Amino acid sequence: MPEKERKNIVPEFAETDKQKRKTQNSKPKAKNKDKTDLPNKLEKPRKINRRTKSYGAIVLSLSCMFCCWISNASAQFASSLAWGIHYTDNAFQLSDNDLQENEEGNPAFDFVHSADDVIVKSSFYEEYHTFYQWWQIYPWTQINGTQYILNPAKQRLDFLGGIKVKRQYGEFGISYGYTPYVYVRDYKDNNGTGNRQEFRYAKNLFQAEMKIKPLNKTTLSMELNWEQRYHNKFFTEYDGDIITWTWGLRQSFPAFYADASYGYRVYDTDRSEGFTNAEDASYESNIFAGGLLLKKMPLDSRYPNIKWRPELNLKFENRYFQGSDTWHLCRTDNLNTTAATLHFYFGDRWNINLDYSHLFRNVDADNENVIQQKEFGEDRFGLNVRYQLY
């Protein structure tokens, strides 16, 4: 076959080994020929490798970015759930005389299903951590629920939210709270129906708090609480504002913290002029408080992650009523509260508290009926559990 025609042959399939040997034997050996003069070698047809886009790297990168964002978001949020069960021996804070009349079946106390009660409390708290330059900013929200098992009318919900701003040597925060329903007990509507009605109210609560650290182990605080109360239609004469200023000090010692504070409270009622003999429950009060909180200690050397510490708090409030009616004239209420708590910490997430508190109100008044019906004592025992979600 001529040389030119042989160059134009392009085989469709590769030859077998046997065909190759026959071809090689039949071909004459060529000497001193240029490579360009050699016939085309029989090769396997090349596969066309098309470049395809690889999405694996993109998906992997996006997955890593998402995981980093999730971990960062989890680190920025802090949430906790709390649950507690308490026992009170005087759910309506009745005087000894009222407790006796309730046991005797006086119909005036039909609202009391049980003088003592079991209280179940639950709470959800969440805050978001963000930063602006050297400022730490914490918006937060909280929902509290309280349920009385034997006296369900006293159940309540509290909604709170606010923001805290922190720096190394201090912090500042503002918050707002709303409670749509607070039932106290039944009272006689002296300025209206003349019958016993539910004494209840809704409230708004505005708070502002500031803390500074002039020294490394000393913290000074100032707090302003402004509470607005709106009673039901039978007791609107008690509508008013309660403003409380509190100044506090916390000192850190090697083994414990010591707290002391003083508060000044004013309750101004907005009485309607339509009442001919409206009771004026407005008052001014001084509030003194102090407490000791030990620093965390290991409960057992074998379990270093389990720690505990006790806490003791005392509070004294002296209320001086301003009304000129027979129920509030020359009347002073002294409220004394003692509270003791044992804190147990199981790692970084679990916290269990056992607490006891005693509240006693002593009344000084010219009217003996006021003393007989307003003095009371209450004891509470509680178990509280808190879990830090993240």
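Residues numbered from 1 in each chain as written. Predicted model: local features only at pLDDT ≥ 70, side-chain atom pairs only at ≥ 80, totals over all residues. Heavy atoms only, no water.

(A) Spotlight on the overall build of the protein chain. Each helix and strand counted, the protein chain has 5 helices and 16 strands in total. Buried residues in the protein chain amount to 29% of all 390 residues. Pairs at least 24 apart in sequence give 58% of the contacts found in the protein chain among residues at least 6 apart. For the protein chain, the computed accessible surface area is about 25800 Å², with 56% contributed by carbon and sulfur atoms. (Helix = DSSP H or I, 4+ residues; strand = E, 2+ residues; numbered from the N terminus. Buried < 20%, exposed > 50% of the residue type's maximum accessible area, 1.4 Å probe, protein only. Contact = heavy atoms within 4.5 Å. Areas by Shrake-Rupley, 256 points an atom, 1.4 Å probe, with all protein chains shown as cover.)

(B) Layout of the pairing of strand β5 (residues 156–167). One ladder, built from 11 bridges, connects strand β4 (residues 135–148) with β5; its direction is antiparallel. Paired with Q142 across the two strands is L160, which belongs to β5. Taken together, the 9 bridges between β5 and strand β6 (residues 170–188) define a ladder with antiparallel strand orientation. Considered in β6, the bridge of L160 is made with G177. (Pairing = 2+ DSSP bridges.)

(C) Inspection of the side chain of H86 at higher detail. With respect to the helices and strands, the residue H86 is situated in strand β1 (residues 77–88). For H86, a relative accessible area of 9% translates into the label buried. Here N384 takes part through its side chain, which lies 3.0 Å from a polar atom of the side chain of H86. Apart from residues no more than four positions distant in its own chain, H86 is found in contact with D117, V118, I119, K121, D355, F381, G382 and N384. (Polar contact = N/O pair within 3.5 Å; in protein donor to acceptor, adjacent residues only side chain to side chain.)

(D) A look at the nonpolar core. Formed by A91, F92, L94, A108, F109, F111, V112, I119, Y148 and Y183, the largest nonpolar core amounts to 10 residues. Setting aside its immediate chain neighbours within four residues, I119 contacts G84, I85, H86, T88, T146, Q147, Y148 and R380. Counting residues in hydrophobic clusters, the runner-up holds 9 residues, among them F234, F235, A281 and Y283. (Core = buried A, V, L, I, M, F, W, Y, C linked by side-chain atoms within 4.5 Å.)

(E) Representation of the pattern of salt bridges in the model. For the structure on display, the rule yields 13 salt bridges. The partner of R156 in a salt bridge is D158, and the shortest N-O contact between them spans 2.9 Å. With a relative accessible area of 11%, D158 lands in the buried category. Close ionic contact of D300 with R302 constitutes a salt bridge, the shortest N to O distance being 2.9 Å. For D300, a relative accessible area of 23% corresponds to the partly exposed category. (Salt bridge = Lys/Arg side-chain N within 4 Å of Asp/Glu carboxyl O.)

(F) How the structure looks around unusual backbone geometry. Within the chain, Q93 stands out as a residue other than glycine whose phi angle is a positive 50 degrees. Examined against the element boundaries, Q93 turns out to sit in the loop between β1 and α4 (96–103). Judged by its relative accessible area of 33%, Q93 falls in the partly exposed class. Non-glycine residue Q133 carries a positive phi angle of around 55 degrees. Here Q133 shows up in the loop between β3 (130–132) and β4. Since its relative accessible area comes to 56%, Q133 is described here as exposed.

(G) A look at the packing of aromatic side chains. The full count for this structure, using the stated rule, is 18 aromatic pairs. Aromatic side chains F92 and F111 sit 5.2 Å apart centroid to centroid with 80 degrees between the ring planes, which places their arrangement in the edge-to-face category. Residue F92 is located in the loop between β1 and α4, and its partner F111 is located in the loop between α4 and β2 (117–128); the two are separated by 19 residues in the primary sequence. Residue F92 shares its accessibility class with F111, and that shared class is buried. Three or more aromatic residues joined by ring pairs form one cluster here, namely F92, F109, F111 and Y183. Over the ring of Y138 we find K166, and its NZ or CZ is 4.9 Å from the ring centre. (Phe/Tyr/Trp six-rings, centres within 6.5 Å; stacked < 30°, edge-to-face > 60°. Lys NZ or Arg CZ within 6 Å of the ring centre and 35° of its normal.)

(H) Region of interest: the confidence of the model for the protein chain. Predicted confidence across the protein chain gives a mean pLDDT of 84, with 79% of residues reaching 70 or more. Here residues 22–55 scores under 50 on pLDDT; set against residues more than four positions off or in separate chains, the count is 9 contacts. Across residues 66–74, where pLDDT falls below 50, the model places 1 contact with residues more than four positions away in sequence or in other chains. (pLDDT = per-residue confidence, 0-100.)

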